[in-house]
Each structure stands twice: as structure tokens, then as C-alpha cells.
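Examining the three-dimensional arrangement
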Amino acid sequence: MINLENVAFSYGGGNLLSEVSLRLAPGSFHFLTGPSGAGKSTFLKLCYGELAATTGRVTLFDRDVTSLNRDEIALTRRRIGVVHQDCQFLDHLPLLANVGLPLTVADKPLVQSDVMDLLTWVGLDKLTGALPPSLSGGERQRAALARAVIMGPDVILADEPTGNLDWEMSLRLLTLLTELNRMGKTILIATHDLNLIRQAKSLVAIRVLRISKRRLQLAGADL
Amino acid sequence: MNLLPAFLTEPQGGVVPPSGPTAWLTTATAAAMAFLAVFALALSIASGRLADRWASALDRSATVRISAPEGQMDLQTAAVLEVLATTPGIASARALDQSEQQKLLEPWFGPDLPLGDLPLPQLVEITEGPEGYDRQSLRLRLTGEAPGAVLDDHTRWRAPLADAAARLRALAYTCVLLIGGAMAAMITLATRAALAANAQVIKVLRLVGAKDTFIARAFVRRFTLRAAAGAALGTAFGMEAIYLLPAQDAAGGFLTGLGFQGAGWLLPLLLPPLAALVAFIATRTAAMANLRRLP
Ligand SMILES: Nc1ncnc2c1ncn2[C@@H]1O[C@H](COP(=O)(O)OP(=O)(O)O)[C@@H](O)[C@H]1O
Ligand SMILES: [Mg+2]
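Anyway, here's the lowdown on the structure attached to this text. What you see is a predicted model; the values in this text were computed from it and never measured.

**Overview of the overall build of chain A**
- Regarding its fold elements, chain A presents eight helices and ten strands.
- Over its C-alpha atoms chain A spans a radius of gyration of 17 Å, differing by no more than 12% from the 17 Å that the globule rule assigns to 223 residues.
- Principal-axis analysis of the C-alpha atoms places the extent of chain A at approximately 45 × 40 × 30 Å.
- Long-range contacts, defined here as pairs at least 24 residues apart, represent 70% of the contacts in chain A between residues at least 6 apart.
- Surface summary for chain A: the accessible area is close to 9,500 Å², and the carbon and sulfur share equals 49%.
- For chain A, the distance from the average position of its 24 positive side-chain charges to the average position of its 22 negative side-chain charges is 5 Å.

Here it is as C-alpha cells:
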């Protein structure tokens, strides 16, 4: 689904990432960890085509990203659900419209009851009319997850989805993500929260990747 | 036309926030431009009409002016009438009498001019037949028979007038084009400003899989509607202003002739849809070009 082959990336200075290779198999559950500033967000952006690799090859659904035009990139993004680190909502639209936004931009009918089902699943069915700035951190993250899955994507990428949540709320979000994985979705979560990873290990089979010294490594039993 | 309501409603659920207090600027500018365009159109029509009138009406008439000493006036007039009567292509010729000449001069000198005291030339009015006459040979014959007679077929002053009218019309067309161009430029700038103001919104839309055409559509609809509404307003005011101009009076002056006649009133009604078309193209071009530069 998502393939990186010997990818290097630099924002202009030296390489932030180099010799990175990864194959996200369908149905797999990956964690990506590393210290703050290691390049986790950057890595995810490479995975959904917001950034282009400096060298190497990124393949999304068997197509080289560099061969995709702007419209094809848009279409590809509809197949990848992303929970962005800062959620990226439209602050002037109520929650319901924000969660349904991927449908709207795809010119698909926004079926209210479908969106409501999703909002109920993440426990936000009472807040459909709320504007994003009025939501708490945990509510925002759950809303972002609802928006990420509304198009029924095969892959879900989440960037620090529990970043500023308390433990209880983190667990709740992790549960939602493991549920999605059981439904067959491929999941990649970037986090520096090792407790979260340990907790996940007890729920599903996961692989843990770590960015260290610009390389991507498979983390072992040291967690 | 199912398309129109679909175009006018917001199927996109207002993904781009309302643009705030500066939105009316586009509408107001479009209104001002349409107002000007109505006048430019009226000018082009009036000058066109004028050029036609000068070219055709005056084509068919000419004057022989006879300046002779007191005693010879009647003699030369008779000779001129004789020459004209025997010239092929002249339908009729008639010497104007005292009161007719007075009428011609009235607008310039007032009604109380004692004509008899002035050495005025005698005017003979010629109406040309459909086949036309040979001006050159008529001139030669007139000089032979009546030395004080001069044929004035109006070309001397008609040509520069017709030329001026034609230029005026060209200027008016240029004005309409310039107004259209200025409108396109204004809309382009407004679109760019709107895109810049909504950079974050556009980023989010791209992230959730919006194509450029979808994003552009939100702006295109907005600016097209604003330009059309503004132009409708400006056109209405412009037509009203033209309608309220003093009616064409007996003198038939150029300024009072500045107006639309009959079906001509439909012409300015083309301005709002035209403004909408200009806005549509300008916004779409500007939006697509600017969006392509974003990641
Ligand atoms: N747009 C950018 N331009 C230049 N440098 C950037 C940009 N985004 C991130 N960086 C830098 O790249 C490094 C990795 O950032 P990031 O991928 O966000 O790390 P992480 O998500 O692991 O905390 C940081 O040092 C950051 O300052
Ligand atoms: Mg990050």
C-alpha cells in the first residue's frame, strides 16, 4: 500500500532522513517513535504525498508519487486517512461539517446519519454543532480520527494522536484505532509516548519503528 | 435551466468562510464599471447613428450658393435654376425664399435679423435623384453661366464630421474594451487576495483530498455572482441616467441624441452577463494558476 525505498529527505540543510525503506503491508499495525524533532511528522508527510522524497522512491497504491499529477494526489489522499498533529480543522464550520469535509470535497453526498454514526462511535454525537476552537484536546483528536475514516480508507496515519491527552483519553483513542485495525485497516501511528506503545502491544500485534540517527530501525524488545 | 440554481446555491457547504466587510468592494467596482460601460455603449450607438445620418441624409442634398451684386442676383439665380433643370441626375432644385433663409440663420442670429439689409447670398437647394449627377461638370457649367454660383455638396464639412463620428464610435468601443479589461484585472487581484487570505483553509481542503477545481469553484462562484450583481446594479443606474437625459429636441443636437432607441435598450442588458463571464474567466484563471503553486 505504502512503500518507501531507500528514501532520503532534507528540508534544505543536511538530510533529516536517509536510507529509509518501509513496506506497509495491508492490515499491519505500526508504531513510529523517536525523540521530538527526529522527523516522525516529516516521515508521515512523505507517506501521504505532502512532501516529496529528495532521493529514493515513494510508492502509494503501486504508483510512484513523482508520477502523480495534482488531481491524482488529491484522489490518493482520499484513500489515506490522516490524523494530523494539529488536527487541521476549518474553524468556521461546525463539527459535523468538518468530519464530513472529505465527502464534501469529493462531491459525495454528505449523509447526515453516516456522519452521526461515526460521531457516536468516537463519542461526540452531542457536539455536532460545536465549532472546532471550542472543543477540548481529546474531542479534537477524536473528531480528527472520525474525519480520517469517513471515506473508508485502507490506511490510517496518525501523528501524535494522543499528544496532549490524559492517559484515560489516550487509551480511548488507542481502543478506537485497534478496532479499526481489527476491521482490516492498515495503521501507522507516530508517537513518542512509550507507555502507549506498551499498552498497544497488549491489545494487538504491532511492529515498532524508531527513527534514530536519521535512519529507520525496527525497535526490539527494549521497549 | 437546472444549471443556474445549482450554480447559485452553495453545494459546497461554505467551505470557504464568508469574506467579511471587503466583499462589497468587488460588487461596488463592478457596478461603477457597468455604469461607465452603459455610457460608452450609448456613446458608440449615438455616434454610429450620427455618422450614418451625416453620411446618408446629406448625401442626397446639396446647395448652390450665389453671391452676386444687388442687380445681378435675380439674373444669376434664374441662370442657375436653368442649368440645374437641365442637369441629368438632379431631381429638383428650388431657390429658398427670404423667410426660409431667415429661419436657417435664426439659431445663430436670432429671429429679429433684418435680412434685407445684409448682402446675403441666395441659396438654391438641390435634391439629388437616385442615379446621382456629375459634380465636376456641374461645377464647370455653373461657373460658365453664373460666375457668382458655388456648388456646395456638403462633402467639405461632412467628411470631417463623419470621420469624427466614426472616431468617436471607435473610442467608445475602446472604452468598453478597457472597462472589460480593468474589470478582469480587478477581479484577478481580488481573487489573489482572497486566496491569500484563505491560505489555511485551502491547505486543509488539499489535505482532505480536494482537487484544485473544487477549491477554485468556491471562489469562482463567489466572484462571478458579485460581479454579476454589481454590474446589474450599475447597468440599471446607467440606463436610468440615460433615460432621464433631456429628450431629443428639434435642433437634434448630438448631446441630446445620446440615448438608446427601441431595441437598442436591450444592448446594455448584455452587460451583467458579460461582467459575469469576465469575472468567471478571470477568477478561474487566477485561482488555478495560484493553486498550482501550492504543495
Ligand atoms: N517545513 C519545514 N522546513 C524546515 N524544517 C522543518 C520543517 N518542518 C520540520 N522541520 C524540521 O525538521 C525536523 C523534524 O521535524 P518533524 O518531522 O516535525 O519531527 P517530529 O515530528 O519527529 O517531532 C525538525 O528539526 C524541524 O525543525
Ligand atoms: Mg511531529
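**A word on the overall build of chain B**
- Counting secondary structure elements, chain B contains nine helices and four strands.
- When the helices and strands of chain B are placed in sequence order, the string is α-α-β-α-β-α-β-α-β-α-α-α-α.
- Taken across its 295 residues, chain B has 40% of its residues classed as buried.
- Sequence separation of at least 24 residues holds for 83% of the intrachain contacts in chain B that already meet a minimum separation of 6.
- Approximately 15,900 Å² of chain B is accessible, and the part contributed by carbon and sulfur atoms is 67%.

**A word on the site of ligand 1**
All names here are of chain A.
- As a structural note, the neighbourhood of ligand 1 is formed by Y11, L16, P35, S36, G37, A38, G39, K40, S41 and T42.
- Within the side chain of Y11, an N or O atom sits 3.2 Å from a nitrogen atom of ligand 1.
- The side chain of T42 places a nitrogen or oxygen atom 2.5 Å from an oxygen atom of ligand 1.
- Coverage of ligand 1 by the protein chains reaches 54% of its 560 Å² of free accessible surface.
- Here the residues of the shell around ligand 1 sort into four nonpolar, five polar and one charged.

**Quick notes on the interface of chain B and chain A**
- Counting from both sides, the interface comprises 24 residues of chain B and, opposite them, 21 residues of chain A.
- At the boundary of chain B with chain A, total buried surface from both sides reaches about 2,000 Å², with 57% on carbon and sulfur atoms.
- Counting every contact that joins chain B to chain A gives two salt bridges.
- With its nearest N and O atoms 2.6 Å apart, the salt bridge here joins D212(B) to R70(A).
- One can count nine residue pairs in polar contact (both at pLDDT 80 or more) joining chain B with chain A.
- Contributions of two or more residues to the side of chain B that touches chain A are made by helix 7 (199-207) and helix 8 (212-243) of chain B.
- By residue number, the principal contributor to the side of chain B that touches chain A is helix 7 of chain B, which donates seven residues.
- In terms of residue class, the side of chain B that touches chain A is made up of 13 nonpolar, five polar and six charged.

**Topic: helix 2 (residues 70-77) of chain A**
- When we look at burial in helix 2 of chain A, the residues that qualify are R70(A), I73(A), A74(A), T76(A) and R77(A). Taken end-on, helix 2 of chain A shows its buried residues confined to a sector of 160°, consistent with a single buried face.
- Looking at the buried positions of helix 2 of chain A, the neighbouring elements they touch are strand 4 (55-60) and strand 6 (80-83) of chain A together with helix 7, helix 8 and helix 9 (271-291) of chain B.
- The distance from a side-chain oxygen at the start of helix 2 of chain A to the backbone nitrogen of D71(A) is 3.1 Å, and the residue carrying that oxygen is N69(A).

**Concerning the side chain of Q122(B)**
Residue and element names in this part refer to chain B.
- Its place among the elements puts Q122 in strand 3 (residues 122-128).
- Looking at Q122, its side chain comes within polar contact range of the main-chain oxygen of L96, at 2.7 Å.
- Those residues in contact with Q122 that lie beyond four places of it in its chain are V64, R65, I66, M73, T77, A95, L96 and Q101.

**Let's talk about the environment of P26(A)**
Residues and elements named next belong to chain A.
- Here P26 is to be found in the loop between strand 2 (17-24) and strand 3 (29-33).
- The exposure class assigned to P26 is exposed, which follows from its relative accessible area of 60%.
- Taking the C-alpha atoms as reference points, P26 and D154, 128 residues apart in sequence, are found 7.9 Å from one another.
- Other than its neighbours up to four places away in sequence, P26 contacts M1 and T186.

**Focus: unusual backbone geometry**
Residues and elements named next belong to chain A.
- Of note, C87 is a non-glycine position whose phi angle comes to about 65°, a positive value.
- Along the polypeptide, C87 turns up in the loop between strand 6 and helix 3 (95-99).
- Its relative accessible area of 2% is what places C87 among the buried residues.
- Despite not being glycine, Q88 has its phi angle at roughly 60°, a positive value.
- Checked against the element boundaries, Q88 lands in the loop between strand 6 and helix 3.
- Exposure remark for Q88: the relative accessible area of 7% places this residue in the buried category.

**Some remarks on the coordination of the magnesium ion (ligand 2)**
Residue and element names in this part refer to chain A.
- The protein atoms that coordinate the magnesium ion (ligand 2) are S41 (OG) and Q85 (OE1), at distances of 2.0 to 2.5 Å. Taken together, the residues span a long stretch of sequence, with S41 in helix 1 (residues 40-47) and Q85 in the loop between strand 6 and helix 3 at a distance of 44 residues.
- Classification of S41 by relative accessible area gives partly exposed; the value is 21%.

**Considerations on the environment of F219(B)**
All names here are of chain B.
- Mapped onto the elements of the fold, F219 is located in helix 8.
- In this structure the C-alpha to C-alpha distance between F219 and S99, which are 120 residues apart in sequence, comes to 70 Å.
- Aside from chain neighbours lying at most four places away, what touches F219 is V16, A194, L195, N198, I202 and T283.

How each quantity is defined
Throughout, residues of each chain are indexed from 1 in the direction in which the sequence is written. Written order determines the labels here, with chains lettered from A and ligands numbered from 1. Per-residue local features are limited, in this predicted model, to residues with pLDDT of at least 70; the limit for side-chain atom pairs, both in listing and counting, is 80 or more; totals at the level of whole chains, interfaces and linings are taken over all residues. Hydrogen atoms and water are omitted, and side-chain values are computed over all heavy atoms in the structure. Numbered from the N terminus, helices here are DSSP runs of H or I no shorter than four residues, and strands are runs of E no shorter than two. Radius of gyration: C-alpha atoms only; globule rule: 2.2 Å multiplied by the number of residues to the exponent 0.38. Residue contacts are defined here by distance: any two heavy atoms, one from each residue, within 4.5 Å place the two residues in contact. In this description, accessible areas are obtained by the Shrake-Rupley approach with a 1.4 Å probe, and a residue is regarded as covered only by the protein chains that are shown. Think of it this way: Lys and Arg go in the positive column, Asp and Glu in the negative one, and His and the chain ends go nowhere. Working definition for charges: the position is that of NZ of Lys, CZ of Arg, CG of Asp or CD of Glu. Whether a residue is buried, partly exposed or exposed follows from its accessible area with a 1.4 Å probe, protein chains only, as a fraction of its type maximum: under 20%, in between, or over 50%, in that order. Note on terminology: near, applied to a residue and a molecule or strand, indicates that one of the residue's heavy atoms is within 4 Å of it. Each polar contact in these results corresponds to two N or O atoms within 3.5 Å; when the atoms are within protein, one needs to be able to donate a hydrogen and the other to accept it, and residues that are neighboring in sequence are counted only if both atoms are side-chain atoms. Residues were grouped as follows: Ala, Val, Leu, Ile, Met, Phe, Trp, Tyr, Cys and Pro as nonpolar; Asp, Glu, Lys and Arg as charged; and all remaining residues, including Gly, as polar. As a working definition, buried area equals the accessible area (1.4 Å probe) given up by two parts on being put together, with both sides summed. One speaks of a salt bridge when a side-chain nitrogen belonging to Lys or Arg is within 4 Å of a carboxyl oxygen belonging to Asp or Glu. When we speak of the arc, we mean the arc of directions from the helix axis to the C-beta atoms. We call an atom a donor if it is N, O or S and sits within 2.8 Å of the metal, or 3.2 Å for Na, K and Ca. Water is not counted, so some sites may look partial.

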